[in-house]
Each structure stands twice: as structure tokens, then as C-alpha cells.
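# A closer look at the structure
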Amino acid sequence: MVNTDKILSYEEEQKLLESIDSYVGAIQGQINALRADGTDKVTYLTNHIAVIKENANYSKEEKKSIIASDKEALAKAKAVEAQNKDKINALINDAVAYLDKNYDSHYYEPVAKSCELQKAAEEERYAAQLRELKAAHTKELSSLTDQKEIKDEKYVYKNRMFDAELKHDSTLQEIKDRKHNAYAYRYHLIDLLRLSHFTQSEKLKQKWENYKYTFNTRQFFLTNGLYIVIVCVFIALCILAPLIKNTSLLTMNNVLNILQAASPRMFLALGVGGLILLGGTDLSVGRMVGTSMVLCTMIMHKGVNTGAIFGHIFDFTALPIGLRVFLALLVCCIVTTTFSVIAGFFTARFKIHPFISTMANMLIMFGLMTFATKGVSFGAIEMSVPKMIMPKIGRFPTIILWAVAVIIIMYYVWNKTTLGKNMYAVGGNPEAAAASGINVFGVTITAFAIAGILYGFGAWLECIRMVGSGSASYGQGWETDAIAACVVGGISFSGGIGKISGIVVGVLIFTALTYSLTVLGVDTNLQFVFSGIIILSAVTIDCLKYVQKK
């Protein structure tokens, strides 16, 4: 049985604060007096000058006169601010030192202990109430014989249980709020003393407290559950690899191989991620890769091409190798961007779902390229190209730097540009975005164009990484990997939700998983099964989060 006598009342809690408020409040009063003609005046005059500059009611001469007067007063205020700076800092240090010494022991710890007792008392009360409701329900049922009355009694009992749980949860939240507010009040006092300036340690402590305060177990597992499962699977694979294949997965060589394989796929996933952010998808990624591989290998082929396109054999050997490398990239990006923009046009203009427009792209590109090449592989590219574009520094493959560069660029586009903000807006609610003046058609076309450029660039890197061997069938299933990486990384199919960091994590997870399964000798077809399960799980979790929000 909890001793409720030790639970603090509101009045008792406020009484604990009296000495703290009195001491810190006196210092705050001195600081306010010192800031009145210094910092406060500097802030006011700075804002006033900015307002006057934008005020159209004043003439040019009036503005000049007012601003000159304000600047003269501002110089005096800054002088007072500088003069009082040391005194204010000494007072702030005194107050903070007092809080460090006395706040927890005199106020927070008693309140926290009281909250724990109050929580225990509430748990006891709730358990007792449930027992009473159960007993009353059992007694009532024993006296009933009519099935309708029994059904009604069960319904009433269910409602009473729900009301009791609701009240219990509300009380627990009040206790939690009380404890959190007691913790946060200290930083409220420091906020007033320092004008919202906190040390790094104070920021970290507040973040940790806010994380604990807002933590929700259900939401945590909805957000991170799939990551946890995948990490556990990967750990299991790392344990099994030495037992089954007598090899270790966690070696520097394997890590570099995973990063190297993930680098071209990063371009593809970032392109698809932008379309999913708009509430769409792209099924043509694999065919974009296959088409680009053929074009790249044809242009950078070692010697005269052994394969033909529409019956014509191309020979680019007369061109300098550097020009051929650039030409291959340019042709890839033009072709992939053109097809991507066509799909985007039908999506934006005729409201065709990207699933349909990109599926049409997939079929057209695969059919054309297979017919044109008769399914023939074009062999290897010039051996000097990989050393030129992605040379190794020791054991480090510099193709990884290409991926890092595109991550930084796309992070900037998504988070620091008007286009990025508009993409989030259009993905979240295209009708509202249009009503607010956003060009939905333009944003959609631009997102598809960026995706096309990324596809071409990624396929160009893949061709160089694999030293050619381009064929129309290359890239089969890459669209599922790219989409899976995005949904695992938190890009929501409901649109308007997602981060670049999530895509990066998703690509690395999928590449590492695929590489691990390959090392263990798991059949490629079974790897598709793993991908399908992960995609289904990720989208299911995404839907659960969406339903929860609604």
C-alpha cells in the first residue's frame, strides 16, 4: 500500500520553489535593470531600423532622418551593453551556480519522488477499480438468463472498462507532465537569464529529457521495428557465415565492396525517392539501367563494337577516350531524362498514376532495346576508363565519393531549395499546393527530370564499375531494390514524408543484405523473396502509421 501522505500537493510543491524563485528572481531583476538601456535597447533599435527601411509611409528623407537618430541611439546602447557585459555575466554565473547546487535537491528530486509515489498509488487505484468492475459484472451476469440482457451487460462492462482505462491513462499523463514541467522549469529560468543561450551540455540534457517525455513504445516500433528486424537478420548472417562458408562478413574488404556496390544504386534510389515523395513510384528503373548500359558500352567499347543496334555497328575508337567517357554520360542522361519526362508529362497533365506511365516506359524501353540489339551483350569497355573515373586510393574505391557527392546535392535540393519544399507540399496535398500558388505540373515534371538524370548517371557509374558488358536485360529487378530502399528508409507512399538520410540507410541495408546472402550462397531467386517480404513489411508499417495519424 502506497503512503499517500508523502505525495506533494500543488501548494507544497510551490512552497519548495519559493527559495529558488526568490534567489534567482532577485538576480534576474538586477540583470533586467542592467539590460534595460543596453541589450534591450539594442534589440529594439535594430528591429525599429529594419521596420523603418520597409515602411512605405515615410519619404526617403524621413527614413534617413529616423534611421540616423536610431543609429546614434544604437551606438550609445551598444556602449552601455558592453559596459554592463561583465556584471551581467557574473550575475548569470551566480544564478546558474545556485541552480546547479540547489535545484535538484531542493525541488526536482522531491517532486520526482512524489510523482513516483503518485504513479504507484494510481496503479493500485486502477487495479482495485478493475477488480470491482469485474466482480460487479460477474455478479450481474449470474442473475441474468436472457441473451439480450447478457449481451447488453457485456457491452456496458466493456464501456466501463474503457472509461476506467481512459481515466487511468489521463492521470498517468498528468503525473508525467508534472515531473517533466519540474525538470523543464530550471531551463526556463536559465533561458530568461541567458536570453535563450544554452551550453552544449544543457542542450543535450534537454533533448534527452524531451525524448523520454515524448517516447511512445508503439510509435518507436512502428518507426524502427523493421530496422531492428533487418539488423537482427544481418547479425544472424554474420554468425552463420563462418559456420557455413568458413568466411567472415565483417571484414574491411567486404564493407568496401558493399559501399562500392551501393554507390550506383544510391543514384537510382534518390531518383525514385523524389517520385515516391510526390506520391508516385517508378517501375522503369531497371530498364533505364539496361538501356544506359548498352549505350555506355557501345560508346566506350574496347575497339570496334561487336554488337549492332538496328543492324548498324558503331565505331567510336577515333574519338579520344576522355571525350567518349563524357559522351557516354551525356547520351545516357539525355535518353533516361527524355523517357522519364515523358512519363512525368502523362502523370502531371493527364493525372495518370506513375505506376502506369512508368510501366509503359519499362515495356517500351525494354522492347526497343531488345529488338535493336537482338539481346546481344556488347562486351567490355576500355580498361583505362575505371582508373580514370574511379581510381582506387590504396584499397579505397573512389566511386564511393561520387555517391557522397550526390547525397549532399540531393540533401540540399530537398531541404534548402524552393523546389524541395514544393515537392513535400505537392506530395502531401497536391490540391492544397495548387491552391497556395505552387505549380504542381512544373514540380512534377522537374522531379521526373531529376530522376532521369540520376538514373543516367547511376547507370554510367555501374557500367564503368562493371567494365561494360552492357545488355538490354541488365538491371532486372533494380526497380524493386530502389523502391524497397526508399520505403525501408521511411519515404511514405502516402506522399510528402521522407528524408534523404532514410534513403541512404535503406540502400546500405539492402545492399548489405543482398551481398551477405550472395556470400552465403543463397539462390538469386530466393533473394527476390527476401526483397518482397521486406517491401511488404515496410509498406504495411507505413500504412499503420498513416492510419494511426488519421
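Shown above is the structure to which this text applies.
Report on the accompanying structure. (Residues numbered from 1 in each chain as written. Predicted model: local features only at pLDDT ≥ 70, side-chain atom pairs only at ≥ 80, totals over all residues. Heavy atoms only, no water.)

### Description of the nonpolar core
Grouped together as the largest cluster of nonpolar side chains are 94 residues, with contacts concentrated most on Leu270, Met300, Trp414 and Trp460. It is helix H15 (residues 440-465) that contributes the most residues to this core, 12 residues altogether. Those residues in contact with methionine 300, other than ones at most four positions away along the chain, are Arg324, Val325, Ala328, Ile381, Glu382, Val385, Trp460, Cys463 and Ile464. In terms of nonpolar packing, the next biggest core, distinct from the first, is built from 27 residues, Leu8, Ala95, Ile175 and Tyr187 among them. (Core = buried A, V, L, I, M, F, W, Y, C linked by side-chain atoms within 4.5 Å. Buried < 20%, exposed > 50% of the residue type's maximum accessible area, 1.4 Å probe, protein only. Helix = DSSP H or I, 4+ residues; strand = E, 2+ residues; numbered from the N terminus. Contact = heavy atoms within 4.5 Å.)

### Examining the packing of helix H1 (residues 10-36) against helix H4 (residues 147-194)
Look at H1 against H4: their axes get within 9 Å of each other, and the N-to-C directions meet at 15 degrees. Accordingly, the angle class assigned to the pair H1 and H4 is roughly parallel. Crossing angle aside, the handedness with which H1 passes H4 is left-handed. In this structure, H1 uses Glu13, Leu17, Ile20, Asp21, Val24, Ile27, Gln28, Ile31 and Arg35 to contact H4, whose residues at the interface are Arg178, Tyr185, Leu189, Leu192, Leu193 and Arg194. Of the residues in the contact of H1 with H4, the class split is 9 nonpolar, 1 polar and 5 charged. (Axes fitted to C-alpha atoms, helices over the stretch in contact; angles between N-to-C directions. Parallel < 35°, antiparallel > 145°, perpendicular 65-115°, else oblique. Left-handed = near helix turned anticlockwise from the far one by under 90°. Nonpolar A, V, L, I, M, F, W, Y, C, P; charged D, E, K, R; others polar.)

### Focus: the side chain of arginine 186
Residue placement: arginine 186 occurs in helix H4. Within polar-contact distance, the side chain of arginine 186 engages the side chain of aspartate 100 at 2.4 Å. Other than its neighbours up to four places away in sequence, arginine 186 contacts Leu99, Asp100, Tyr103 and Asp104. (Polar contact = N/O pair within 3.5 Å; in protein donor to acceptor, adjacent residues only side chain to side chain.)

### Things to note about the environment of leucine 8
Relative to the elements of secondary structure, leucine 8 occurs in the segment before H1. When residues no more than four places from it in sequence are discounted, the contact partners of leucine 8 are Leu16, Pro110, Val111, Ser114 and Arg178.

### Considerations on the packing of H4 against helix H5 (residues 200-214)
Helix packing geometry: the angle between the two helix axes and the distance between the axes. Running from N to C, H4 and H5 point in directions that differ by 160 degrees, and their axes come no closer than 11 Å. Between H4 and H5, the crossing angle belongs to the class labelled roughly antiparallel. Between H4 and H5 the crossing geometry is left-handed. Facing H4, whose interface residues are Gln173, Lys176, Asp177, His180, Tyr183, Tyr187, Ile190 and Arg194, H5 presents Glu202, Lys205, Gln206, Glu209, Asn210, Lys212 and Tyr213. For the contact of H4 with H5, the residue count by class is 4 nonpolar, 4 polar and 7 charged.

### Digging into helix H10 (residues 354-373)
With 20 residues, H10 extends 28 Å from end C-alpha to end C-alpha; this agrees with the ideal 28 Å at 1.5 Å per step. Within the sequence span of H10, burial applies to Pro354, Ser357, Thr358, Asn361, Met365, Met369, Ala372 and Thr373. Buried residues of H10, viewed axially, fall in a sector of 100 degrees; they line one side. Along H10, exposed side chains directed more than 90 degrees from the buried face belong to Leu363 and Phe371. Its buried side turned inward, H10 meets helix H8 (285-299), helix H9 (321-350) and H15. At the exit of H10 stands lysine 374, carrying a positive phi of roughly 60 degrees. (Expected span 1.5 Å × (residues − 1). Arc of directions from axis to C-beta.)

### Concerning the pattern of salt bridges
All told, the structure shown has 11 salt bridges when counted by the stated rule. The shortest N-O distance in the salt bridge between glutamate 209 and lysine 212 comes to 4.0 Å. Here the residue glutamate 209 and the residue lysine 212 both occupy positions in helix H5, the gap between them amounting to 3 residues, near one helical turn. Looking at glutamate 209, the relative accessible area reads 10%, which means it is buried. Taking the relative accessible area as the measure of exposure, lysine 212 reaches 43% and is therefore partly exposed. Taken together, the salt bridges that share partners define one network made up of Asp100, Asp104 and Arg186. (Salt bridge = Lys/Arg side-chain N within 4 Å of Asp/Glu carboxyl O.)

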